Amino acid sequence: MKILFFVSLFLFPFLLSAQEANDEIDDLSKVKSAILAWADTTFYDYNEPRFENYRANYSDEYLIATMRVKSIERSIKNLKKTYSSGYYKESDETYKKSLEELEARKNEAVASSYNFMRKVDNYEITFWANIKLDSGIHNYIKHSIVLNHEFTIMHHEVTGSIGENENASILYR
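Residues numbered from 1 in each chain as written. Predicted model: local features only at pLDDT ≥ 70, side-chain atom pairs only at ≥ 80, totals over all residues. Heavy atoms only, no water.

**Comments concerning the overall build of the protein**
Each helix and strand counted, the protein has three helices and four strands in total. Secondary structure elements of the protein occur, N-terminal to C-terminal, as α-β-α-α-β-β-β. Going through the 173 residues of the protein one by one, you find that 31% of them count as buried. Partitioning the contacts of the protein with sequence separation of at least 6, the portion at a separation of at least 24 is 67%. As presented, the protein carries roughly 11,300 Å² of accessible surface, and 54% of it is formed by carbon and sulfur atoms. (Helix = DSSP H or I, 4+ residues; strand = E, 2+ residues; numbered from the N terminus. Buried < 20%, exposed > 50% of the residue type's maximum accessible area, 1.4 Å probe, protein only. Contact = heavy atoms within 4.5 Å. Areas by Shrake-Rupley, 256 points an atom, 1.4 Å probe, with all protein chains shown as cover.)

**Some thoughts on the sheet that holds strand 4 (residues 153-162)**
Spatial ordering of the open sheet is given by 1-2-3-4, a layout of four strands whose pairing is antiparallel. Two strands in the sheet have a free side with no partner beyond their single neighbour: strand 1 (46-58) and strand 4. The mean inter-strand angle of the sheet, taken between neighbouring strand axes irrespective of direction, is 20 degrees. (Pairing = 2+ DSSP bridges. Axes fitted to C-alpha atoms, helices over the stretch in contact; angles between N-to-C directions.)

**Description of the nonpolar core**
By size, the foremost hydrophobic cluster in this structure holds 22 residues, and its most contacted members are Ile35, Trp38, Phe43, Phe127, Ile145 and Leu147. Of all the elements in the fold, those that place two or more residues in this core are helix 1 (2-42), strand 1, strand 2 (120-132) and strand 3 (138-148). The residues touching Ile145, leaving out its near neighbours within four places in the chain, are Ile35, Trp38, Tyr123, Glu124, Ile125, Phe127, Ile153, His155 and His156. Counting 10 residues, the second largest nonpolar core, distinct from the first, contains Ile72, Ile76, Tyr88 and Val110. (Core = buried A, V, L, I, M, F, W, Y, C linked by side-chain atoms within 4.5 Å.)

**Side note on unusual backbone geometry**
In this structure, Glu48 takes a positive phi of about 50 degrees despite not being glycine. Turning to its location among the elements, Glu48 is positioned in strand 1. Positive phi, close to 65 degrees, is recorded for Phe151, a residue that is not glycine. By relative accessible area, Phe151 is classed as buried at 19%.

**Re the environment of Asn130**
Considering the arrangement of structural elements, one finds Asn130 in strand 2. Separated by 84 residues in the primary sequence, Asn130 and Tyr46 have C-alpha atoms spaced 5.4 Å apart. Those residues in contact with Asn130, other than ones at most four positions away along the chain, are Asp45, Tyr46, Asn47, Glu48, His138, Asn139 and Tyr140. Among the polar contacts made by the side chain of Asn130, one reaches the main-chain amide nitrogen of Tyr140 at a distance of 3.4 Å. (Polar contact = N/O pair within 3.5 Å; in protein donor to acceptor, adjacent residues only side chain to side chain.)

**Looking at the packing of helix 2 (residues 60-84) against helix 3 (residues 92-114)**
Interhelical geometry of helix 2 versus helix 3 gives an angle of 160 degrees and a closest axis separation of 9 Å. Classed by the angle they form, the pair helix 2 and helix 3 counts as roughly antiparallel. The element helix 2 and its partner helix 3 pack so that their crossing is left-handed. Within the contact between the two elements, helix 2 uses Tyr62, Ala65, Thr66, Arg68, Val69, Ile72, Glu73, Ser75, Ile76, Leu79, Lys80 and Tyr83 and helix 3 uses Asp92, Tyr95, Ser98, Leu99, Leu102, Glu103, Arg105, Lys106, Glu108, Ala109, Val110 and Ser113. Here the residues of the contact of helix 2 with helix 3 are counted per class, giving 12 nonpolar, four polar and eight charged. (Parallel < 35°, antiparallel > 145°, perpendicular 65-115°, else oblique. Left-handed = near helix turned anticlockwise from the far one by under 90°. Nonpolar A, V, L, I, M, F, W, Y, C, P; charged D, E, K, R; others polar.)

Treat this as a map of the structure, not an account of what it does.
Here is the structure:
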């Protein structure tokens with residue numbers, strides 16, 4: 001049982017950071033898919049989509065939960081450092097008990113942040129595409145897009161373009 005406990009202490013943080021990276025990649029792919037579905041139903045014709053400046057705006061609750069994990073990890077590190085340097089004034093049993101309590105609190109905090117229901121308030125991304133205009137040509141146009149936590153587009157705005165087509169407008173469906 002003790003071996004399992006110690007293995008989980010060292011393995012769980014790595015699994016959490018790997019899970020966070022996988023979640024970030026998964027969220028980005030969901031954001032891209034939602035935007036492409038929106039573009040398919042919005043524009044008459046477009047091609048060469050490109051995405052830039054992706055940002056997930058995490059909720060305050062999620063940030064607090066993840067900061068709690070990092071704070072406990074710092075406490076564990078400081079306790080170990082104090083003990084190993086000889087400045088720890090309590091007994092070895094007290095040290096072990098304190099370390100086990102901190103590790104248990106950390107595992108609990110990791111589990112609660114791992115299963116967090118609403119991690120983000122919204123996602124922001126820049127979407128470029130070569131979009132057909134009413135002049136018959138395609139122009140590379142930049143949109144700033146905001147999606148909610150359910151990957152629904154809440155706001156989109158044309159924020160730039162490449163090329164001179166002042167009198168032309170986008171062909172919509």
